[in-house]
Amino acid sequence: MPVDSPFDDERNEVAVGSGLSDHLHSETLAVHAGGMRTPFGETSEALFLTQGFVYPDMESAERRFAGEDPDGFIYSRFSNPTVSMFEQRMATLDGAEAARATGTGMAAVAAALLGYLKAGDHVITSRVLFGSCAVILGEILPKFGVESTFIDGTRPENWRAALRPNTRAFFIESPANPTTELIDIADTADIAHEAGAILIVDNALGTPLIQNPLQHGADVVTYSATKHIDGQGRCLGGLVLASEEFIETHLKNYLRHTGPALSPFNAWVLLKGLETLPLRIAKQARNARALADALKRLPGVTQVLYPGLPDNPQAAIFKKQMKSGGSVLAFELEGGKEAAFRFGKALELVRISNNFGDAKSLVTHPATTTHQRFSREEREAIGISEGMLRLSAGLEHQGDLINDVVSAVKSAQ
């Protein structure tokens, strides 16, 4: 499928809880799924900025607290009408039975792991991860008696070799941050399920429009809604998507009693972001592919990493599970950190920021930002060199963007 139209012809086969017909396109679901209207008949989703809710009588309160009135609300730390609309829309887009929103993407990752695991359990994780994900798995989980084994997740035999009798979960990012490394989701899910474990996939770089891990066998998907879903640098948010059984059994009490709730205002902003997500992702993917092509031709660029490139060594996995290469690429400059910093100084349009998925093109130097806490040897082992830059393509004119990046690369030499 051409990169300039990565999902125009894709139909969502599951419209969970949307109140809409099945087989609608993603662009339609991103605008309409999960919508609820008050008696006022508002066009935009209503913003319910409230901490709590009142009941017509004590009997109604008793039923809600007993779970006998599933459509009623109790307290916005538990659930909220605006947040519920956002959760339902995301579940529909991703083909999930259920979704629960959190205050940040990292809160979603933590909830998926801590809500499911217990002391004495073991996790196997791919080693190329966003810095905070690596900290949760490598430093925080062990404090609660959960061990993690980090492996090269691109090799199926490594997952099997790392298995223990107490392995209960696999965790991956695919595409991974910042190297865009891909892992075969279906094959990894099969290995996990054979061992009685679940597969958790962080799909922040993939987005629900480019990749749907649940359709490839994943059990749980997490998102930083802060990235593409908002897409305009306004607010934080996160999501966990899974089966109703997983949400009810493993997440409900964790989220209710630890309180990583998403603000209703942020949920409303994210609902607005979803309406334009298909348009933005398509344009960003075109810009990212054009940037990758331009960078590959430049002297001083030793490596370009982007899933959508035809010569990507993981092209077979890309074709199997992704609809486009997405908005994020990584590249390496000759000259290491000094060249990378000179590149940053020479930019006119691209902004220096550790975020991605934004309307503005953004670049960061992972070795000194998102992965600074790791040793140089640890970074190099997962492919993060001193000269690597991660670039998130925005919505600027493609020619202006290429000129800015090419000029900065030349200035860095």
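What you see is a predicted model, and the numbers here were worked out from it, not measured in a lab.

## Focus: the overall build of the protein
A count of helical and extended segments in the protein gives 15 helices and 12 strands. Expected size for 413 residues packed as a compact globule is a radius of gyration near 22 Å; at 21 Å, the protein falls within 12% of this value. Each of the three principal axes of the protein carries a C-alpha extent, and together these read 75 × 50 × 35 Å. Restricting to contacts in the protein with at least 6 residues of sequence separation, those with at least 24 account for 73%.

## What about the sheet that holds strand 11 (residues 362–364)?
The mixed open sheet is built from 5 strands, whose spatial order is 8-9-12-11-10. If you trace the sheet from one side to the other, it starts and ends with strand 8 (301–305) and strand 10 (351–352), each paired once. Sheet topology places strand 8 next to strand 9 (residues 328–333); 4 bridges connect them, and they run antiparallel. Among the inter-strand pairings, L305 is bridged to a residue of strand 9, identified as A330. Against the sheet, helix 11 (residues 264–296) touches strand 8, strand 9 and strand 12 (388–392), its axis set at about 15° to strand 9.

## Topic: empty space enclosed by the protein
Empty space left among the atoms is revealed by rolling a probe the size of a water molecule over them. The final tally for this structure, using the stated rule, is 2 cavities of 30 Å³ or more. Within this model, the largest cavity holds a volume of roughly 50 Å³. For the largest cavity, the full set of lining residues is P175, T180, L205, P307, M322, G325, G326, S327 and V328. Its residues assigned to classes, the lining of the largest cavity shows 5 nonpolar, 4 polar and no charged. Considered as a void within the structure, the second largest cavity measures approximately 30 Å³ in volume. For the second largest cavity, the full set of lining residues is N203, A204, T207, P208, Y223, S224, K227, H228 and I229. Going through the elements one at a time, helix 8 (207–210), strand 6 (220–224) and helix 9 (226–230) are the ones with two or more residues in the lining of the second largest cavity. Of all the elements, helix 9 adds the most residues to the lining of the second largest cavity, at 3 residues. When the residues that make up the lining of the second largest cavity are grouped by side-chain class, the tally is 4 nonpolar, 4 polar and 1 charged.

## Looking at the pattern of salt bridges
Under the criterion given, the structure shown has 17 salt bridges. With its nearest N and O atoms 3.2 Å apart, the salt bridge here joins D121 to K118. D121 gets classed as buried once you look at its relative accessible area, which sits at 4%. D184 is the salt-bridge partner of K320, the closest N and O atoms lying 2.9 Å from each other. In this pair, K320 is assigned in helix 12 (residues 315–321) and D184 in the loop between strand 4 (167–173) and helix 7 (185–194), connecting sequence segments 136 residues apart.

## Re the confidence of the model for the protein
Here the protein averages 93 in pLDDT, and 95% of its residues register 70 or above. The low-confidence segment residues 1–18 (pLDDT under 50) makes 49 contacts with residues lying over four places distant or belonging to another chain.

## Topic: the pairing of strand 5 (residues 198–202)
Along any regular strand the residues' side chains alternate between the sheet's two faces. Taking burial as the measure, the 5 residues of strand 5 include 5 buried ones, the bulk of the element. Regarding topology, helix 7 serves as the crossover connection from strand 4 to the parallel strand 5, and that connection is right-handed.

## A look at the state of the cysteines
Overall, the coordinates contain 0 disulfides when judged by the stated rule. Not part of a disulfide, C235 finds its nearest cysteine sulfur in C133, a span of 19 Å.

## Considerations on the layout of surface pockets
In this structure, the largest pocket occupies an estimated 1100 Å³ of space. Around the largest pocket sit 37 residues that line it, and P70, F78, S79, E87 and R100 are the ones nearest its centre. Contributing elements (two or more residues each) for the lining of the largest pocket: helix 2 (58–65), helix 3 (81–94), strand 1 (98–102) and helix 10 (244–258). With 6 residues, helix 10 is the largest single contributor of residues to the lining of the largest pocket. Taken together, the residues of the lining of the largest pocket break down into 18 nonpolar, 8 polar and 11 charged.

Each value, and the rule that gives it
- Residues numbered from 1 in each chain as written.
- Predicted model: local features only at pLDDT ≥ 70, side-chain atom pairs only at ≥ 80, totals over all residues.
- Heavy atoms only, no water.
- Helix = DSSP H or I, 4+ residues; strand = E, 2+ residues; numbered from the N terminus.
- Rg over C-alpha atoms; globule rule 2.2 N^0.38 Å.
- Contact = heavy atoms within 4.5 Å.
- Pairing = 2+ DSSP bridges.
- Axes fitted to C-alpha atoms, helices over the stretch in contact; angles between N-to-C directions.
- 1 Å grid on protein atoms, 1.4 Å probe; cavity = no way out; pocket = protein on both sides within 12 Å on 5 of 7 lines; lining within 4 Å.
- Points joined across faces, edges and corners; volume = space filled by probe spheres on them.
- Nonpolar A, V, L, I, M, F, W, Y, C, P; charged D, E, K, R; others polar.
- Salt bridge = Lys/Arg side-chain N within 4 Å of Asp/Glu carboxyl O.
- Buried < 20%, exposed > 50% of the residue type's maximum accessible area, 1.4 Å probe, protein only.
- pLDDT = per-residue confidence, 0-100.
- Right-handed = clockwise from strand over helix to strand, strands pointing away.
- Disulfide = S-S within 2.5 Å.

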